2 protein chains.
Amino acid sequence: MALAFHFHPLAASRARLSPPHLHSAAGAPSPSVALTAAPHHRLRLRRRFCAVVATAAASPAATTEFDFNAYMGERATAVNRALDAAIPAGDPPAALHDAMRYALLAGGKRVRPALCLAACAVAGGPEAWAMPAAAAVEMVHTMSLVHDDLPCMDDDDLRRGKPTCHVVYGEPIAVLTGDALLSLAFHHMASVGSYPPDVDPHKHPARVVRAIGELARCIGSEGLVAGQVVDLEMTGTSETVPLERLEYIHLHKTAALLEASVVIGAIIGGGTDEQIERLRKYARSIGLLFQVVDDILDVTKSSEELGKTAGKDLASDKTTYPKLLGLDKSREFAEKLLSDATEQLAGFDKEKAAPLLHLAYYIAHRQN
Amino acid sequence: MALAFHFHPLAASRARLSPPHLHSAAGAPSPSVALTAAPHHRLRLRRRFCAVVATAAASPAATTEFDFNAYMGERATAVNRALDAAIPAGDPPAALHDAMRYALLAGGKRVRPALCLAACAVAGGPEAWAMPAAAAVEMVHTMSLVHDDLPCMDDDDLRRGKPTCHVVYGEPIAVLTGDALLSLAFHHMASVGSYPPDVDPHKHPARVVRAIGELARCIGSEGLVAGQVVDLEMTGTSETVPLERLEYIHLHKTAALLEASVVIGAIIGGGTDEQIERLRKYARSIGLLFQVVDDILDVTKSSEELGKTAGKDLASDKTTYPKLLGLDKSREFAEKLLSDATEQLAGFDKEKAAPLLHLAYYIAHRQN
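Residues numbered from 1 in each chain as written. Chains lettered and ligands numbered in written order. Predicted model: local features only at pLDDT ≥ 70, side-chain atom pairs only at ≥ 80, totals over all residues. Heavy atoms only, no water.

Participant: Sorry if this is basic, but what is going on with the packing of helix H5 (residues 131–148) of chain B against helix H7 (residues 171–190) of chain B here?
Facilitator: To describe two helices that pack against each other, one gives the angle between their axes and the distance between the axes. Residue and element names in this part refer to chain B. Closest axis-to-axis distance for the H5/H7 pair is 8 Å, and the angle between their directions is 165°. Classified by the angle their axes make, H5 and H7 are roughly antiparallel. Remark: the crossing between H5 and H7 carries left-handed chirality. Contact residues: H5 offers Pro132, Ala133, Ala135, Ala136, Met139, Val140, Thr142, Met143, Val146 and His147, while H7 offers Ala174, Val175, Gly178, Asp179, Leu181, Leu182, Leu184, Ala185, His188 and Met189. In terms of residue class, the contact of H5 with H7 is made up of 15 nonpolar, four polar and one charged. (Axes fitted to C-alpha atoms, helices over the stretch in contact; angles between N-to-C directions. Helix = DSSP H or I, 4+ residues; strand = E, 2+ residues; numbered from the N terminus. Parallel < 35°, antiparallel > 145°, perpendicular 65-115°, else oblique. Left-handed = near helix turned anticlockwise from the far one by under 90°. Contact = heavy atoms within 4.5 Å. Nonpolar A, V, L, I, M, F, W, Y, C, P; charged D, E, K, R; others polar.)

Participant: Help me understand the relation of the copies chain B and chain A, please; the structure alone is not making it clear to me.
Facilitator: Relating the two copies of this chain is a rotation about some axis coupled with a shift parallel to it. Structural alignment of chain B on chain A gives an RMSD of 0.0 Å, achieved by rotating through 180° and translating 0.0 Å along the axis. In symmetry terms, the pair is related by a two-fold rotation axis. Of the C-alpha atoms belonging to chain B, the one lying closest to the rotation axis is found on proline 205 of chain B, 2.7 Å away. When you check the interface residues of chain B against chain A, 98% turn up at the interface there too, and the contact is symmetric in its surfaces. (Least-squares fit on C-alpha atoms with pLDDT ≥ 70 in both.)

Participant: Would you mind showing me how to read the interface of chain B and chain A here?
Facilitator: Reports of interface size often rely on the accessible area that becomes lost once the parts have come together. Each partner contributes to the interface: chain B provides 43 residues, whereas chain A provides 42 residues. With both sides pooled, the region where chain B packs onto chain A buries about 3,400 Å², and carbon together with sulfur makes up 80% of that total. Per-residue buried area on chain B facing chain A is highest for Leu176, His187 and Val209 of chain B; these three make up 16% of the total on that side. Linking chain B to chain A there are zero salt bridges. For the pair chain B and chain A, the number of links is six residue pairs in polar contact (both at pLDDT 80 or more). At the level of secondary structure, the elements contributing two or more residues to the side of chain B that touches chain A comprise helix H3 (94–104), H5, H7, helix H8 (205–217) and helix H9 (224–234) of chain B. Looking at the side of chain B that touches chain A residue by residue, the class counts come to 30 nonpolar, eight polar and five charged. (Buried area = accessible area lost by both parts, 1.4 Å probe. Salt bridge = Lys/Arg side-chain N within 4 Å of Asp/Glu carboxyl O. Polar contact = N/O pair within 3.5 Å; in protein donor to acceptor, adjacent residues only side chain to side chain.)

Participant: It is not clear to me how the environment of leucine 176 of chain A should be interpreted in this structure. Could you clarify?
Facilitator: With respect to the helices and strands, leucine 176 of chain A occurs in helix H7 (residues 171–190). The spatial distance from the C-alpha of leucine 176 of chain A to the C-alpha of proline 132 of chain A is 22 Å, given a sequence separation of 44 residues. Once residues within four sequence positions are removed from consideration, leucine 176 of chain A is found in contact with Leu96 of chain A together with Met153, Val225, Gln228, Val229 and Leu232 of chain B.

Participant: Mind showing me how you'd approach H7 of chain A here?
Facilitator: In an α-helix, one full turn covers 3.6 residues, which means residues spaced three or four apart are oriented alike. Helix length check: H7 of chain A (20 residues) gives 29 Å between terminal C-alpha atoms against 28 Å at 1.5 Å per residue, within 8%. Most of H7 of chain A is tucked away: 18 of the 20 residues are buried. (Expected span 1.5 Å × (residues − 1). Buried < 20%, exposed > 50% of the residue type's maximum accessible area, 1.4 Å probe, protein only.)

Participant: Teacher, can you tell me more about H3 of chain B here?
Facilitator: Within H3 of chain B, eight of the eleven residues are buried, which leaves the element mostly enclosed by the surrounding structure. The complete set of buried residues in H3 of chain B reads Leu96, His97, Ala99, Met100, Arg101, Tyr102, Ala103 and Leu104 of chain B. Looking at the buried positions of H3 of chain B, the neighbouring elements they touch are helix H9 (224–234) of chain A together with helix H2 (68–86), H5, strand E2 (162–163), helix H6 (165–169) and H7 of chain B.

Participant: How do you make sense of the side chain of histidine 141 of chain A when you look at a structure like this?
Facilitator: In this fold, histidine 141 of chain A is placed in helix H5 (residues 131–148). In contact with histidine 141 of chain A, not counting residues within four places along its chain, are Arg112, Arg160 and Leu257 of chain A.

Participant: Explain the packing of H7 of chain A against H9 of chain B to me, please; I cannot follow it from the model alone.
Facilitator: Put simply, H7 of chain A and H9 of chain B touch, their axes get as near as 10 Å, and they point 165° apart. Of the possible angle classes, the one that applies to H7 of chain A and H9 of chain B is roughly antiparallel. In this structure, H7 of chain A meets H9 of chain B at a crossing whose hand is left-handed. Together, Pro172, Ile173, Leu176, Asp179 and Ala180 of chain A of H7 of chain A and Val225, Gln228, Val229 and Leu232 of chain B of H9 of chain B make up the contact between the two elements. Within the contact of H7 of chain A with H9 of chain B, the residues separate by chemical class into seven nonpolar, one polar and one charged.

Pasting the structure below:
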């Protein structure tokens, strides 16, 4: 049964949120609130963000604000274009390609690709270098959704407001769609054809190898799959799940891929080992934050708002943060994670780190 | 219903088979028949093959024959050791690791890893460089078996003489085991820890990137998965499947990974583009050969001999080469493919190419 309160996931503690280092005047930025910054900074930011997304028209009169919505929208457009180009429409086997496109191009905010691109930029690389990696993390994410939704797993009929892959294409094609998306992620990262014409992926093959290793690690028995296995084990049990167990599930099922998205971007961008590790810590915090907020939203929002079956965790007796800690403590925990994440950005160039800072706030404050 | 004749798959045409270029005196080598060769050649071959497999004891009195069984046995031992080390036993999540080990360490002849290692050597590389890739192709192969055996796919209960993964561990774990093995393959190829202590994988990162791209390509909508999709579409239909369609299935479902195994080995070994393409042609022929022989064995051997459910293709009304061409024509086709494959080896050093030649004959003459 869905509980349909309308509230901000961190509403109770929002007053205490403020970005720790970007600038003191801004208050807590949110996706819909433009951030004030010194005019010359804003201008340069705007220009760089437009420059890496070829089809996003640069406004003739450059705006004087860092526009988070525009930042995300431009990146989503570019990532969607890369995903669209990666899977031929209509080519045989048509059923497979159709199902892959259905699952992959179903919308979504492309948070993981945005994290990957933003981390590449903060690590010093041209953002375009990380576009194949950004597309790859979305492919992996989609694959995990398609398989987790299967009747033998979470048995979910609704995803992003649409019937799930196996509902539309049948179970065999859904299993194979996941397999194909998973392998496509690695093919995409390793192929010259995935990179923009002016980017030579063979210029830094060691970075690509390291990034591929990082992506692969976050999927299997140290990542997504491990989280799903333990999650399945916990579902429907009457025993009280200890907090450490819940964190294990979330760190693996959700945080691992968010961590990989950031770390891969940082590697491709040429970050130092020290920078990569700081960004890894940032990513771990927002990864757990993402799931805590997800749990909170599940008990407080309707299915229509979420685009997926709400209250499902409660109905299936799954352990969640609100169930274990209560809503208020869950929000406090989320607040702490947000603070931990943003602290890790302190040593980076403020302009370059702005997108990652905004992404952390966005993850904390999102409504679905 | 299984038909239990005992015969050699290529028995009808065996008299016409002779290795096209190795030496005229040998006749058709088979896995159990040692090949005669000039004594100094034999000695050097034996030494090199022993040298790359550290734990395989070199016979103090080096034998004077190229021993194919020993060659395969040594490589299977080394590959099994690499696979065993790649998956921690007992570590959490235990059910997942157990299932991965159950599926991966169930035996099997490790033909794909052997092809990978042999291709690396023929392309000029130390064989040890290709060991992580050899383990990776076996992980991918196992993943495809685990998913193809699922109830919603081919619904197979028996594999390599043992209950299939989902029978033992349940369907959700079987799906996740496949996902974990697939990602582990890429992790294994990309990780420093997978390589022997004296091998620096970062020495040739561009080769690793190219090899990873090749492996990824053969899995998804251009490889294994595409073959399985079209295979599922054909199963149980009353229409006559044209030969091109059957070849499409086999080229994707079976040949693609055999091709990748060879090509990846050649890339890691440092082969020229021209060498790699010749080895690709060799691999395509033995890939199709592998499936034609599989089809022949399915209608002519018992389940006990095969270690899997025999006559299944016939029972499920699947189109096979024997069904489409008859047994004699199927054998002739296999013979032609064997000849095409061995022709591609003509330009390579005879000693170095001997394992690939023997592997082609082995694939043609195997009994299960």
